[in-house]
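Now for the letters of each chain:
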Amino acid sequence: QPRTREAKPSRRRSANARTRRGRGREMSFGTPGAFGGGGGFGQPAQSPPGAFGAPSPTQPTQVPNPNNDFQVANPPNDGISSLSWSPVANFLVATAWDGDVYCYEVGNNGQAMPKASQKHQGPVLCSDWSHDGSAVFSGGCDNKAQKWDLATNTPTQVAQHDAPIKELCWIKEVNLLATGSWDKTLRYWDTRQPTPALQVQLPERCYALSCSHPLLVVGTAERHIQVYDLNNPNQPFKQLQSPLKYQTRTVAAFPDKSGYLVGSIEGRVAVQHVEETMQSKNFTFKCHREQSDIYAVNDIKFHPTHGTFVTAGADGVFNFWDKDSKQRLKQMAKCVAPIPCGAFNRDGSIYAYAVSYDWSKGGQDPMAQTGQNNIFLHAVQESEVKPRPPAVRGRR
């Protein structure tokens, strides 16, 4: 994969062509005969017994699955752009480039039951849940963010930008939705009001955003990093250039709010601390490389209890890491396509990841036309995410 200094995200096919491949349906949430059927919201889906992580006799039609993880039935029909778990139950939302937003219920045996879907008027790029698990927020190339009330299966527009919304997050501490856009603004929304509660100008297009209140980090085009203290959200607490030399693809705020991770298209991750007194602990490391081939770090997520993290790459690999001991905890087997996104569920027992073309090689790559889009559920083992003591270096 060629390395480029800066490449404005683009898609080689038209939105109409993407929609023709797999037009989604609006269906009633949890109604039998609707998208996947099954029980109502919050009610267990009908599924065979068995503990999550044990083999299931009723897995969907098999596709290449080198890590022997659970495959989600009825995955999106187009490139998968985001995955988000409910903070209160094992409901998983996936968004796709054909404009669809899908919701699945994951049973204790690892099977995912499709429950319902909603539609945007353009490709969907991001998603998040309300803190009580009652609603899903999604944003994308129709320049809008929607709030999908799951109990009533009703979508409502709650945000508007002048260009696609690349990232969003629900900030429960202040009951506001933050949206970052390619129109070079960061906006905060009281979802009951039609205008933003606050708008902040960004130096460039928003490419990545992560929040661990009161820390909010935005990565933009031209490698700008904006660090905000949400106790004073009107202006950045710190502005800097990414320590990585190539385009920012993802950021992740530390759970303890003391810093953040930056992932780039050049197969590197930077570990950054906010306070000046902690700068000596900053470092970078290489990852998602295979001999002379270098791949983008597409996504980074922290484990909710252990504070370790996982990176997902365009090489089709996800790795678990411990930043404090500077060790890789586990490298998983290579999948047949890039991993554009992933997410831990609320207790960190499941890591969901998409195996789907990420358009890193444009529309000329054969995978753009023939690649499959799948979601897998990995039963997380303690040894993969539990921190380790620093490695002891031998004396000379």
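Conventions we followed
Residues numbered from 1 in each chain as written. Predicted model: local features only at pLDDT ≥ 70, side-chain atom pairs only at ≥ 80, totals over all residues. Heavy atoms only, no water. Core = buried A, V, L, I, M, F, W, Y, C linked by side-chain atoms within 4.5 Å. Buried < 20%, exposed > 50% of the residue type's maximum accessible area, 1.4 Å probe, protein only. Helix = DSSP H or I, 4+ residues; strand = E, 2+ residues; numbered from the N terminus. Contact = heavy atoms within 4.5 Å. pLDDT = per-residue confidence, 0-100. Phe/Tyr/Trp six-rings, centres within 6.5 Å; stacked < 30°, edge-to-face > 60°. Pairing = 2+ DSSP bridges.

## Quick notes on the nonpolar core
Consideration 1: Leu83, Trp85, Leu92, Tyr104, Ile375 and Leu377 are the most contacted members of the largest nonpolar core, which has 18 residues in total.
Consideration 2: Elements with a minimum of two residues in this core: strand S2 (80–85), strand S3 (91–96), strand S4 (100–106), strand S29 (350–355) and strand S30 (374–379).
Consideration 3: Apart from the residues within four sequence positions on either side, Leu83 is in contact with Leu92, Val93, Ala94, Ser127, Cys341, Gly342, Ala343, Ala352, Tyr353, Ala354 and Ile375.
Consideration 4: Residues Phe318, Phe344, Val355 and Phe376 belong to the second largest nonpolar core, which totals 17 residues.

## A look at unusual backbone geometry
Consideration 1: A cis amide bond, omega 5°, links His213 with the succeeding residue Pro214.
Consideration 2: For Pro214, the location among the structural elements is in the loop between strand S14 (206–212) and strand S15 (215–220).
Consideration 3: The backbone phi angle of Arg223 is positive, close to 65°, even though this residue is not glycine.
Consideration 4: With respect to the helices and strands, the residue Arg223 is situated in the loop between S15 and strand S16 (224–229).
Consideration 5: Judged by relative accessible area, Arg223 falls into the partly exposed class, the value being 21%.
Consideration 6: For Lys257, which is not glycine, the phi dihedral falls at a positive 70°.
Consideration 7: Take Lys257: it is sitting in the loop between strand S18 (248–253) and strand S19 (259–264).
Consideration 8: By relative accessible area, which is 37% here, Lys257 ends up partly exposed.

## Overview of the confidence of the model for the chain
Consideration 1: Predicted confidence across the chain gives a mean pLDDT of 87, with 83% of residues reaching 70 or more.
Consideration 2: Confidence drops under pLDDT 50 across residues 1–52; counting only partners more than four residues distant or on other chains, this segment forms 135 contacts.
Consideration 3: Confidence drops under pLDDT 50 across residues 54–58; counting only partners more than four residues distant or on other chains, this segment forms seven contacts.

## A closer look at the packing of aromatic side chains
Consideration 1: For the coordinates displayed, the defined rule picks out 16 aromatic pairs.
Consideration 2: Measuring from ring centre to ring centre gives 6.4 Å for Tyr102 and Tyr104, while their planes differ by 20°; the resulting arrangement is stacked. For the pair formed by Tyr102 and Tyr104, the shared burial category is buried.
Consideration 3: With a centroid separation of 6.3 Å and 35° between ring planes, the pair formed by Phe283 and Phe285 is classed as tilted. For the pair Phe283 and Phe285, a shared accessibility class is recorded, and that class is buried.
Consideration 4: An aromatic cluster is present here, built from Phe254, Phe283, Phe285, Phe302, Phe309 and Trp321 joined pairwise through their rings.

## Structural notes on the pairing of S15
Consideration 1: Counting buried residues along S15, six of its six residues qualify, which places the element largely inside the surrounding structure.
Consideration 2: By the alternation rule, side chains of S15 split into Leu215, Val217 and Gly219 and Leu216, Val218 and Thr220, which are all buried.
Consideration 3: Taken together, the six bridges between S14 and S15 define a ladder with antiparallel strand orientation. Within the sheet, the bridge partner assigned to Leu209 lies in S15 and is Val218.
Consideration 4: In this antiparallel pair of consecutive strands, S14 and S15, the connection spans two residues.
Consideration 5: Bridge count between S15 and S16: five bridges; the pairing is antiparallel. Bridging across to S16, Leu216 finds its partner in Tyr228.
Consideration 6: The hairpin formed by S15 and S16 contains three residues between the paired strands, and Glu222 there has a positive phi angle of roughly 60°.

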